[in-house]
Amino acid sequence: MIQVLSGIATHAAALLLYPGLLAMVAFGTIVELAWRRASVPGAESPELPRRRPSPVVATVLLCSVLAAVQLAAPLNPVPGEERSVVLAAVALAFTAWASLALTVEFVAEPGLLLVIQVCWLLAVLGPAVQPESLRPQVLGNLLVPALLPVKIACAFLYLLCLPALLRLWPFVPPSERRGKRRLDAGRILTWFPYCGLFTTLFVPPPADDAIGLLRFFGITFLVAAIVVAAGIVVQRRGAAIARGLYTRAVAPYAGLVLLIVIATSVLMR
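First, a word on what this report is: a plain description of the structure on this page. (Residues numbered from 1 in each chain as written. Predicted model: local features only at pLDDT ≥ 70, side-chain atom pairs only at ≥ 80, totals over all residues. Heavy atoms only, no water.)

## Some thoughts on unusual backbone geometry
Apart from glycine, the bulk of residues carry a negative phi angle, and the bulk of peptide bonds sit in the trans form. Applied cut-off: Every helix listed is a DSSP run of H or I at least four residues long, and every strand listed is a run of E at least two residues long, numbered separately from the N terminus. Partly exposed describes any residue whose relative accessible area lies between the buried limit of under 20% and the exposed limit of over 50%, with all areas from a 1.4 Å probe on protein chains only and scaled to the type maximum.
At the junction of Tyr 18 and Pro 19, the peptide bond is cis and its omega measures out at 0° in the coordinates. Along the chain, the position of Pro 19 falls in the loop between helix 1 (2-16) and helix 2 (21-39). Here Leu 75, not a glycine, exhibits a phi torsion of approximately 65°, which is positive. Tracing the sequence through the fold places Leu 75 in the loop between helix 3 (55-68) and helix 4 (85-102). Non-glycine residue Arg 167 carries a positive phi angle of around 60°. Examined against the element boundaries, Arg 167 turns out to sit in the loop between helix 7 (148-165) and helix 8 (185-202). You can call Arg 167 partly exposed: its relative accessible area is 33%.

Okay, structure coming up:
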């Protein structure tokens, strides 16, 4: 009974405090404010999200928390053997499906968004094909020279997909055309899982100490800064350029990444 209660308390702390809800909201709010200041210079302070979350936000919250506790974050209370990169990927992928299913009339370019999501799933699961392990901390710790081309290719594809998955692209839905925009609650909740999963998959896991904690969040904030910069560039280039980039460049590059993954898997057997 004591072990059961201890396990419940440990998982509750992970879900509600760290690396779950509290860490997620704090990280996401900082990055979202930075994104708004950088993308809309001189804009007035945005309104806070509504107190009562919509079904979409509630669904995104649950999926994002589930994904966040799978990360190889230092001092994560969830044991390493209970974490799975597939669970994190499915949970994050469902956030986009929830937006499409519940508010399809407010989602710009839904078909293209799903194509980008498939490319992102390839970037997440590609490094796991040859090691045949689904533990996030194991995948990040693999530095075998033969697997480096796969990891580098998948990491670049992952970063290419994030501006679209985080809806930083310049396709503005009609619902957002108002005088004073609110902070995007859904995006606030997904900044940390998306960027933290990149750090987990493509960077060796840090130690479970204060320095490791600073290293993990430093790299994760750096990933967020790269995504913000990419989002600004895409917005300034315009919707037509962004659409062409994702349809004529990212999708074919994902095909090349798939060939690299298959070739690596065959050569290493």
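On we go from here.
## Quick look at the side chain of Gln 70
Put simply, the test is: In protein, a polar contact requires one atom able to donate a hydrogen and another able to accept it; more generally it is a pair of N or O atoms within 3.5 Å, and residues adjacent in sequence count only if both atoms are side-chain atoms. In this analysis, two residues are considered to be in contact whenever any of their non-hydrogen atoms come within 4.5 Å of each other.
Structurally, the position occupied by Gln 70 is in the loop between helix 3 and helix 4. Take Gln 70: its relative accessible area is 5%, and that puts it in the buried class. Within polar-contact distance, the side chain of Gln 70 engages the backbone oxygen of Leu 66 at 3.2 Å. Once you skip the residues sitting within four places of it in the chain, Gln 70 turns out to touch Glu 82, Arg 83, Ser 84, Leu 87, Ala 88 and Pro 136.

## Some details on the nonpolar core
Threshold: By nonpolar core we mean a set of buried residues, namely Ala, Val, Leu, Ile, Met, Phe, Trp, Tyr and Cys, connected to one another through side-chain atoms within 4.5 Å.
Trp 120, Leu 157, Tyr 158, Leu 162, Trp 191 and Leu 197 are the most contacted members of the largest nonpolar core, which has 69 residues in total. Going through the elements one at a time, helix 2, helix 3, helix 4, helix 5 (110-125), helix 7, helix 8, helix 9 (210-237) and helix 10 (239-267) are the ones with two or more residues in this core. Those residues in contact with Tyr 158 that sit more than four places away from it in its chain are Trp 120, Ala 123, Val 124, Pro 193, Tyr 194, Leu 197, Phe 198, Leu 201 and Phe 202.

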